[in-house]
Amino acid sequence: SIGGKSVIDVPSNLRDVVTVFQHYALFPHMSVFENIEYGLRLRKVPLSKRKSMVNDILELVRLPDKVGRNIHQLSGGEKQRVALARALVVRPAILLLDEPIGALDEKLRVEMQVELSEIQRSLSITFLYVTHSKEEALTMSDRIILMREGKIEQQGTSDSLYERPESKFVAEFMGIDNIIVGSLIGSSHGHATIEKNGVELTGTWV
């Protein structure tokens, strides 16, 4: 559901959701302006308004001087910004980002993490960000959904996943290494007692 309304029966091209891919997926035969205004043109937005919207979004992604450039003239970081601008200019309800900075070098990845977070807050658009990087998830997210083999292991804030992991997998993913394997003796009132090598340990039950 999006905005409380089911989209199960809505064709994917009508769901008000746009995707930014890891490898940009820009049109190589189009200029920066033509790439960004493509979605607006499909929506039959007048040319004068398209120009204004493209210029505004280029300011947001810090590429105001690249509007007339060809795609092959851009660096990897600039291409990713253009892909982001193309997605954001239509103001979707949800922006899907599929490992969008995985192809960038480490310095650019860190810079883009900060910029993406700032852009999300300034536009107040929901970003659904797919990543295999724990660092990216912890740095950028308001809410994390940790998955394994297509199933949700746990969801919540980064603090809740770290402080109250609900499985050994979650604990290990979050970098918790003080995992004790023992036998459960009993639990009551939010506490559990386990036995390990003849020693009983009691802690908060999560």
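This one's a predicted model, so the numbers in the text were calculated from it and none came from an experiment. (Residues numbered from 1 in each chain as written. Predicted model: local features only at pLDDT ≥ 70, side-chain atom pairs only at ≥ 80, totals over all residues. Heavy atoms only, no water.)

Within the protein, the secondary structure is distributed over seven helices and eight strands. Its C-alpha atoms give the protein principal-axis dimensions of about 75 × 40 × 25 Å. Within the span of the protein, comprising 206 residues, buried residues form 34% of the whole. Here the protein has roughly 12,900 Å² of accessible surface; of this, 51% comes from carbon and sulfur atoms. Taking the 25 positively charged and 27 negatively charged side chains of the protein as two groups, their mean positions are separated by 9 Å. (Helix = DSSP H or I, 4+ residues; strand = E, 2+ residues; numbered from the N terminus. Buried < 20%, exposed > 50% of the residue type's maximum accessible area, 1.4 Å probe, protein only. Areas by Shrake-Rupley, 256 points an atom, 1.4 Å probe, with all protein chains shown as cover. Lys, Arg positive; Asp, Glu negative; His and termini not counted. Charge placed at Lys NZ, Arg CZ, Asp CG, Glu CD.)

Along helix 1 (residues 32-42), the positions that sit buried rather than exposed are V32, F33, N35, I36, E37, G39 and L40. The secondary structure elements touched by the buried residues of helix 1 are helix 2 (47-60) and helix 3 (76-88). Just past helix 1, the residue K44 takes up positive phi, approximately 60 degrees. (Contact = heavy atoms within 4.5 Å.)

Strands sit in the order 6-7-8 across an open sheet of three strands; the sheet is antiparallel. Since the sheet does not close on itself, it has two edges, and those belong to strand 6 (183-188) and strand 8 (199-204), each with one partner. Across this sheet, the average inter-strand angle for adjacent strands is 20 degrees, counted without regard to direction. (Pairing = 2+ DSSP bridges. Axes fitted to C-alpha atoms, helices over the stretch in contact; angles between N-to-C directions.)

Once that is clear, we can look at the packing of helix 1 against helix 2. Look at helix 1 against helix 2: their axes get within 10 Å of each other, and the N-to-C directions meet at 120 degrees. With respect to helix 2, the element helix 1 is oriented oblique. In the packing of helix 1 onto helix 2, the handedness of the crossing is right-handed. Judged by residue contacts, V32, F33, I36, E37, L40 and R41 of helix 1 engage R50, K51, M53, V54, I57 and L58 from helix 2. Partitioned by chemical class, the residues of the contact of helix 1 with helix 2 number eight nonpolar, no polar and four charged. (Parallel < 35°, antiparallel > 145°, perpendicular 65-115°, else oblique. Left-handed = near helix turned anticlockwise from the far one by under 90°. Nonpolar A, V, L, I, M, F, W, Y, C, P; charged D, E, K, R; others polar.)

Once that is clear, we can look at the packing of aromatic side chains. Remark: the centre distance and the inter-plane angle together describe each pair of aromatic rings, the angle taken between the planes. The tally for this structure, following the rule as stated, stands at two aromatic pairs. Lying across the ring of F27, R86 places its NZ or CZ 5.3 Å from the centre. Positioned over the ring face of F169 is R148, at 4.5 Å from the centre of the ring. (Phe/Tyr/Trp six-rings, centres within 6.5 Å; stacked < 30°, edge-to-face > 60°. Lys NZ or Arg CZ within 6 Å of the ring centre and 35° of its normal.)

Moving on to the confidence of the model for the protein. Caution applies to low-pLDDT parts of the model: their predicted coordinates are not meant to be read in detail. A residue-level look at the protein finds 99% of positions with pLDDT of 70 or above and a mean pLDDT of 90. Across the protein, strand 5 (residues 151-156) holds the top mean pLDDT of 96, while strand 8 sits lowest at 79. (pLDDT = per-residue confidence, 0-100.)

Position of T193 among the secondary structure elements: in strand 7 (residues 191-196). Among the polar contacts listed, one links the side chain of T193 to the side chain of T202, at a separation of 2.9 Å. In this view, T193 contacts S183, L184, I185, G186, E200, L201 and T202; residues no more than four positions away in its chain are not counted. (Polar contact = N/O pair within 3.5 Å; in protein donor to acceptor, adjacent residues only side chain to side chain.)

We now examine unusual backbone geometry. A positive phi angle is found at A25, which is not glycine, with a value near 55 degrees. Structurally, A25 is set in the loop between strand 1 (17-20) and helix 1. The phi torsion at N197 lies on the positive side, around 55 degrees, for a residue other than glycine. Checked against the element boundaries, N197 lands in the loop between strand 7 and strand 8. Since its relative accessible area comes to 69%, N197 is described here as exposed.

Let us now look at the nonpolar core. If you look at the biggest cluster of nonpolar residues, it comprises 35 residues, and the most contacted ones within it are I36, V82, L84, L88, L95, L116 and F127. When contributions to this core are tallied by element, the ones reaching two or more residues are strand 1, helix 1, helix 2, helix 3, strand 2 (94-98) and helix 4 (106-123). Not counting residues within four places of it along the chain, the set of residues in contact with L88 comprises I57, L95, I119, L123, I125 and F127. By size, the runner-up hydrophobic cluster in this structure holds six residues, among which are L146, L161, V170 and M174. (Core = buried A, V, L, I, M, F, W, Y, C linked by side-chain atoms within 4.5 Å.)

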